[in-house]
Every structure is written in structure tokens, then in C-alpha cells.
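Now for the letters of each chain:
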Amino acid sequence: MSRPIILGIVGDSAAGKTTLTKGIAQVLGPENVTVICTDDYHKYDRKQRAEIGITAIHRDCNYLDIMQQHLSQLRIGLPILKPVYSHTTGTFEPPVYIKPNKFVIIEGLLGYSTRIARESYDVKVYLAPPESLRATWKVKRDTQKRGYTEEQVLEELKKREPDSEEFIRPQRQWSDIVVSFYPPNDDLEQANGHLNVRLVLRPTIPHPDFTQIINYGNGMESAIRLGLDRDMGKPVDVLEVDGHATLEQVNKLEQILCSDMPHLKNICDREGNPELGKVASTTGETIQSYPLAITQLLITYHMLKATQIYS
Ligand SMILES: Nc1ncnc2c1ncn2[C@@H]1O[C@H](COP(=O)(O)OP(=O)(O)OP(=O)(O)O)[C@@H](O)[C@H]1O
Ligand SMILES: O=C(CO)[C@H](O)[C@H](O)COP(=O)(O)O
């Protein structure tokens, strides 16, 4: 029996998981992708959490045992009866029957927090924007879409900090790729939606050979950079793409990805894929972000590679 290829996207609240997930699902073809958000495995609804005094990101506030069971089922291509948590009402809804498609994306807060869960993924991504950017994103999203006031969101972030430290951030160590979007010069307003990205590439999966970008010249080295570093003590490659990189520069990077992966060729074609890298900026207008496009392509590359390895 064939099994789906499973991608994990983990990170703190409003780190950009849903945004990245949507982009990758669009690239892979929404009909081929099953998306699961692990917020559905919360143990308590919004009112109960307030009464008990527990945050949604605490391990004990989530059915991690059921989450990992479901992941193991999906990994071998079996259906699950998934709980449903509504962010609109802050309550649970009837469960839904889910049969995995060719690709499954599991996005959420605590997806790498048990060994059995971690073993279910083919590719593991961790999202780590600077905390100030995450707070800006959370305030905007929670006030516009989840019925909170700005004060409530800021208070909640403060309350959650010890749990973020204990339960969320340690999961970074289990990822194959750490993705951090950040404003140049730490100035979000000046960035005008054009964020840079820093991609930490761990040697836990084989990445495309990016070394040729070191020799590009023509300003390439300033907008797209490859270097060596340590992340949580371990040696890693770091690929950085600036928001102001030109189409010509980004095309070269895309060629590296696409030449190694014939299936990606159609996806790399910008005309055929006008949605690639599209995102709403903080002012609400839709912009095309090359750093986001490269991130989507790199993760898709690994999904397709995993399909090849598996078959
Ligand atoms: N790459 C990005 N570029 C610009 N804005 C972004 C990006 N990623 C996220 N955002 C902004 O941050 C907000 C929160 O992002 P998103 O909903 O994807 O986070 P999340 O990690 O899925 O959150 P949660 O776990 O709380 O549901 C979005 O509504 C969007 O405004
Ligand atoms: O950290 C979060 C991830 O989305 C949410 O705050 C958590 O899931 C609880 O949801 P809500 O605030 O809508 O009750």
C-alpha cells in the first residue's frame, strides 16, 4: 500500500505556519494535499483554559497521545477521525473523517514534542521569526480574526512566555529546516512587507547543492548568501535571501532547485504559478515575496524528493 509523504510545520502561535502551509499546498496542488492543524488536539476549550489557568501551548493542554496515534495512522495511509477546534467560537465541533491524500501537512504548536510523532514526518520545518515580529503578527491576526482585543493578546503572550520556553522552542532542535522571516535592519515599517528569510539547513536531509551561489558575483552575494553556522550547538548551512533580491538573482537560485528536480520545473515557472510567494503585507495589500517563494520551493523540493526516495 502506498503511503503519503508527511511534512511537519511547527512553531509558536502566529509564527506563520498556516501562511506557509497554504503556500506549499498551493504549489503541490490543493487536491493532492491534506492539511491538519494540531490545534484540534487541544484538551480544553477557551473558557475551560481560562478557568483552569492553563495556556493552549502547555503539553498538558493537548491530547499529544492521540495526536501521535493519528500521525502514525496517517503515515501508513490510514484514515483518522479528527477532533475539531474552532478558533471562531473557541469551542469544539463534531469530529471529521479524514483520509490522507498523497501529501499531508501537519501544522501546529507541539508537533515534534514526542518521539513517536517525530518519527512520522518525512520533512520537518520549524518557524522562528523574531519574537517582536511574531507579536505584531499575533496581535493583528487575533484582533482581526479571533475576537480578541490588543491588550488581551499582549497579556496572553506574556502569560505564555514560560510555556513557549519550555514546550515550543526546544522543538527547533528536531527540525530539518528552520525558517525565519525577518525585517531588514529590524525595521518592519521600512520593510514595507518585503521581509528577508534566513533558512537554517541541517544535514539531517540532503539539501540541493547551493555552493555555486558563492561564486555568482554581480551583487548576488549581498542579496543571497550562503554560510556555515551552528544552530543549537550543531553545525548547519545557512541560506539567506533578502526581500530586495532581484528576479534575476532569485531565478538563478530557483534553477539550482529545479535542475535537480525535474518535477519542480513546472512549479518554478512564474507565469504558470502566479501565486508563488504571494502574501498579504502588514498594510493588507498582496505582495510577491521572493524569500517566501524560495522557501516554498525548497520545502516542495524536499517533499518531491521524499516521494522519489519512498517509491
Ligand atoms: N511570511 C509572512 N509574511 C508576511 N506576513 C506573514 C507571514 N507569515 C505570517 N504572516 C502574518 O502573520 C499572521 C499569523 O500567521 P499564521 O496564521 O500563518 O500563523 P500560525 O503560526 O499559523 O498561527 P497559529 O498557530 O496561532 O494559528 C498572518 O495572519 C499574517 O498576517
Ligand atoms: O496558540 C494558538 C494557536 O493557534 C491559539 O491561541 C490556541 O490554539 C487557542 O485558540 P484560541 O485563542 O482561538 O482559543
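The name that an unreviewed UniProt entry assigns to the chain is phosphoribulokinase, with the source organism given as Scytonema hofmannii PCC 7110. UniProt's Sequence similarities (unreviewed entry) comment on the chain is quoted here verbatim: "Belongs to the phosphoribulokinase family."

Undergrad: For the packing of aromatic side chains, give the residues involved together with the corresponding values.
TA: Here the distance between the centres and the angle between the planes together describe a pair of aromatic rings. For the coordinates displayed, the defined rule picks out two aromatic pairs. Geometrically, the ring pair formed by Tyr85 and Phe92 is edge-to-face, given 5.3 Å between the ring centres and 65 degrees between the ring planes. Between Tyr112 and Tyr121 the ring centres are 5.1 Å apart and the planes differ by 85 degrees, which places this aromatic pair in the edge-to-face class. On the basis of relative accessible area, Tyr112 is assigned to the buried category, the value being 0%. The cationic tip of Arg118 hangs over the ring face of Trp174; the distance from NZ or CZ to the ring centre is 3.6 Å.

Undergrad: Tell me about unusual backbone geometry, residues and numbers included.
TA: A positive phi angle is found at Asn185, which is not glycine, with a value near 55 degrees. Along the chain, the position of Asn185 falls in the loop between strand E7 (177–182) and helix H7 (188–191). A positive phi angle, near 60 degrees, is found at Asp186, a position not held by glycine. By the secondary structure assignment, Asp186 is in the loop between E7 and H7. The exposed category is assigned to Asp186, whose relative accessible area is 64%.

So, how was this worked out
- Residues numbered from 1 in each chain as written.
- Chains lettered and ligands numbered in written order.
- Predicted model: local features only at pLDDT ≥ 70, side-chain atom pairs only at ≥ 80, totals over all residues.
- Heavy atoms only, no water.
- UniProt positions renumbered as here; feature names shortened; annotations may be inferred.
- Phe/Tyr/Trp six-rings, centres within 6.5 Å; stacked < 30°, edge-to-face > 60°.
- Buried < 20%, exposed > 50% of the residue type's maximum accessible area, 1.4 Å probe, protein only.
- Lys NZ or Arg CZ within 6 Å of the ring centre and 35° of its normal.
- Helix = DSSP H or I, 4+ residues; strand = E, 2+ residues; numbered from the N terminus.

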